[in-house]
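Chain by chain, the residues:
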Amino acid sequence: MPNNNTVQPYLTNDISAQKTTISEDEKAFILKGILSEIKKVVTAQQYDIWFSCLRITSITDNSITFITPNEFIREWLSDNYVDLISSIAYKVLNSSREIIFSLEEELGELPFCVDLNAETTLSPENVFSDDLYTVPPNEYYSFENFIIGPCNRLAHAAALAVSESPGHAYNPLFIHGASGLGKTHLLHAINNVLSLKRMSNILYIPCERFINHYISTIRSNRWDTFRKLYRSADALLLDDIHLIENSQGCREEFFHTFNALYNAKKQIVITSDSPPESISTLEDRLVSRFKWGLLCGIDTPTIETRIAIIEKRASMWGITLTHETAAYIGKKIKGNIREIEGAIIRLNKEAKITKNPITLDFVKKIVQELSGKNKQVFLENVLEKVSKRFNITISQLQSKRRTRNLTLPRQIAMHLSRKLTNMSLSEIGGYIGGRDHSTVIHADEKIAKMSKRDKNLAFILQKLEGELLK
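About the criteria used
Residues numbered from 1 in each chain as written. Predicted model: local features only at pLDDT ≥ 70, side-chain atom pairs only at ≥ 80, totals over all residues. Heavy atoms only, no water. Salt bridge = Lys/Arg side-chain N within 4 Å of Asp/Glu carboxyl O. Helix = DSSP H or I, 4+ residues; strand = E, 2+ residues; numbered from the N terminus. Phe/Tyr/Trp six-rings, centres within 6.5 Å; stacked < 30°, edge-to-face > 60°. Buried < 20%, exposed > 50% of the residue type's maximum accessible area, 1.4 Å probe, protein only. Lys NZ or Arg CZ within 6 Å of the ring centre and 35° of its normal. Expected span 1.5 Å × (residues − 1). Contact = heavy atoms within 4.5 Å. Disulfide = S-S within 2.5 Å. Pairing = 2+ DSSP bridges.

K.L.:
Whenever I open this one, the pattern of salt bridges confuses me. Can you help?
P.N.:
Two side chains of opposite charge can pair, provided their charged atoms sit close to one another. Going through the model one piece at a time under the given rule, you end up with 13 salt bridges. Glu350 serves as the salt-bridge partner of Arg346, at 3.0 Å between the closest nitrogen and oxygen. Residue Arg346 and its partner Glu350 are both found in helix 14 (residues 337-354); the two are separated by four residues, about one turn of the helix. Members of the salt-bridge network, linked through shared partners, are Arg227, Arg231 and Glu253.

K.L.:
Mind showing me how you'd approach the packing of aromatic side chains here?
P.N.:
In this description, a pair of aromatic rings is defined by centroid distance and the angle of the planes. One pass over the full model with this rule turns up 16 aromatic pairs. Centroid distance Phe210 to Phe226: 5.7 Å. Interplanar angle 50°. Geometry classified as tilted. Here the residue Phe210 occupies a position in helix 8 (residues 207-220), and Phe226 occupies one in helix 9 (residues 223-231), the gap between them amounting to 16 residues. When sorted by exposure, Phe210 lands in the same class as Phe226, which is buried. Here Phe210 and Phe254 contribute two aromatic rings whose centre-to-centre distance is 6.1 Å and whose plane-to-plane angle is 90°, an arrangement assigned as edge-to-face. Of this pair, Phe210 sits in helix 8 while Phe254 sits in helix 10 (residues 248-263); the two residues are 44 residues apart in sequence, bridging distant segments of the chain. Comparing Phe210 with Phe254, the two get one shared label, buried. Aromatic ring contacts, followed pair by pair, group Phe174, Phe210, Tyr214, Trp223, Phe226, Tyr230, Phe254, Phe258, Tyr262, Phe290 and Trp292 into a single cluster. Cation over ring: Arg285 sits above Phe255, and NZ or CZ is 3.8 Å from the ring centre. Across the ring face of Phe390, the terminal group of Arg389 is positioned such that the distance to the ring centre comes to 5.9 Å.

K.L.:
Before we go on, may I ask you to explain unusual backbone geometry in this structure?
P.N.:
Residues other than glycine predominantly adopt negative phi, and peptide bonds predominantly adopt the trans conformation. A cis amide bond, omega 0°, links Asn171 with the succeeding residue Pro172. Take Pro172: it is sitting in the loop between helix 6 (153-164) and strand 4 (173-177). Even without glycine at this site, Asn391 takes up a positive phi of about 55°. For Asn391, the position within the fold is in the loop between helix 16 (379-389) and helix 17 (394-397).

K.L.:
Just checking my understanding: could you explain helix 21 (residues 455-469) for this structure?
P.N.:
Helical geometry: 3.6 residues make up each α-helical turn, so side chains three or four residues apart lie on a common side. Under the 1.5 Å per step criterion, the end-to-end length of helix 21 is 21 Å for 15 residues, consistent within 8% with the ideal 21 Å. Along helix 21, the residues classified as buried are Leu457, Phe459, Ile460, Leu461, Gln462, Leu464, Glu465 and Leu468. Buried residues in helix 21 make contact with strand 8 (294-298), helix 16, helix 18 (404-420) and helix 20 (437-453).

K.L.:
For this particular structure, what's the right way to read the state of the cysteines?
P.N.:
Two cysteines, two sulfur atoms, one covalent bond between them: this is a disulfide. A full pass over the atoms with the stated rule returns zero disulfides. Note on Cys207: no disulfide assigned, nearest cysteine sulfur contributed by Cys250 at a separation of 6.1 Å. In this structure Cys207 comes out as buried when scored by relative accessible area, which is 0%. The class of Cys250 is buried, set by a relative accessible area of 0%.

K.L.:
Would you mind going over helix 12 (residues 303-316) with me for this structure?
P.N.:
Compared with an ideal rise of 1.5 Å per residue, which puts 14 residues at 20 Å, helix 12 spans 20 Å between its outermost C-alpha atoms and is within 8% of the ideal. Every buried residue belonging to helix 12 is among Thr305, Arg306, Ile307, Ile309, Ile310, Arg313 and Ala314, and all of these are buried. Where helix 12 is buried, its residues contact helix 7 (183-196), helix 13 (323-332) and helix 14. Just downstream of helix 12 lies Gly318, where phi reads positive at about 70°.

K.L.:
Please explain the pairing of strand 2 (residues 63-68) as it appears in this structure.
P.N.:
Residues in a regular strand point their side chains to alternate faces of the sheet. Here strand 2 lies mainly inside the structure; six of its six residues are buried. Of the pairings in the sheet, the one linking strand 1 (residues 55-59) to strand 2 comprises four bridges and is antiparallel in character. Each residue of the ladder has a partner; that of Ile59, found in strand 2, is Ile64. Counted between consecutive antiparallel strands, the loop separating strand 1 from strand 2 contains three residues.

These values are about where atoms sit, not about what they do.
Below is the structure:
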């Protein structure tokens, strides 16, 4: 149970509405939450340069003030990342706030700094009790505002069934798909429905926190408390389990937790960026257990679903968009749902600042600016990712050999190169072993057809593309 010195992981609606002073512990945890989310959407280099130095000096009902070490970083963050920080702060705090940047010399006393890598920051001895590693319900994510399409219909139906009949409908429920496609949304929606049913012991926990809790328990040796927390849950909702692949001890502990909950007919819902069998180092016994229930994937939304998402989000945030403008955004922004939401937020902000109506021409201008910031993909990047994925060398990809273990990766490399790079067919073929343009066209069309009937291949393509565009 929490003691008087502990704080809630994220502010709930009730707390965020209060006009009380937020303690240093609360600010530290909010900053950690924001930085953790930022770390998921920027490169490690971007994070180290622009965000690792951030500190929070104050949080009010209307604003968050961050401290930057110098004027250059302040200006860069203001010009390039304020929308990203604003959207993430909204998710963490459950309410919107103005983002303000200040300099250290403008303060009399240096505020605290959070080190995401510091093991002691979140240790139970210093800040939290064991049960506060979990995340409270976030009402922003509900089944009502989840846009259903062919890409996610099964996952939505299964999540809804689980929330209506926990422990009986699908147990365990394993939802997999690339980042930003709605897996976490469904977990929160299940959590919200179960909370409304007054189910007393629901644990919603990102896998990263589960691992942190496991590590801190090694130090504190409080295994009874750790195991009691997870194995007495009525429902365990674990987000991003693929992160567990590098922690053997953590996997062992989760295996026994899974067995305890499953045997007690308690609901287990797990999300991952890949199917169980694609998580390297995951033992067969865990893979087989995940398949005891229902596995369902979420694919990239189609153009129709993207338009529906844009119109729904715009309506929720009080932004007026015509169907024509929503269709244009949906056609041009082909990334995940987070990118679509970021585009809408940017559009709304630009419209307010410039006081321009959101016309189609205005939307085209903003979308063009956003598209210009997309990462450029080079042929070398494609070959490097494909060779790493299939455990072959780049020289093998470029060779004339036509063995089966080389042909498919080579055709995938050609398919991705044609889709993501600006190289011509001849340039792609020439770089990948001196082949002509007809070979590239054949490989591209073959992989496109295969991916429509082969779910595993479609997943591999989706993951490689996501890594290349990250």
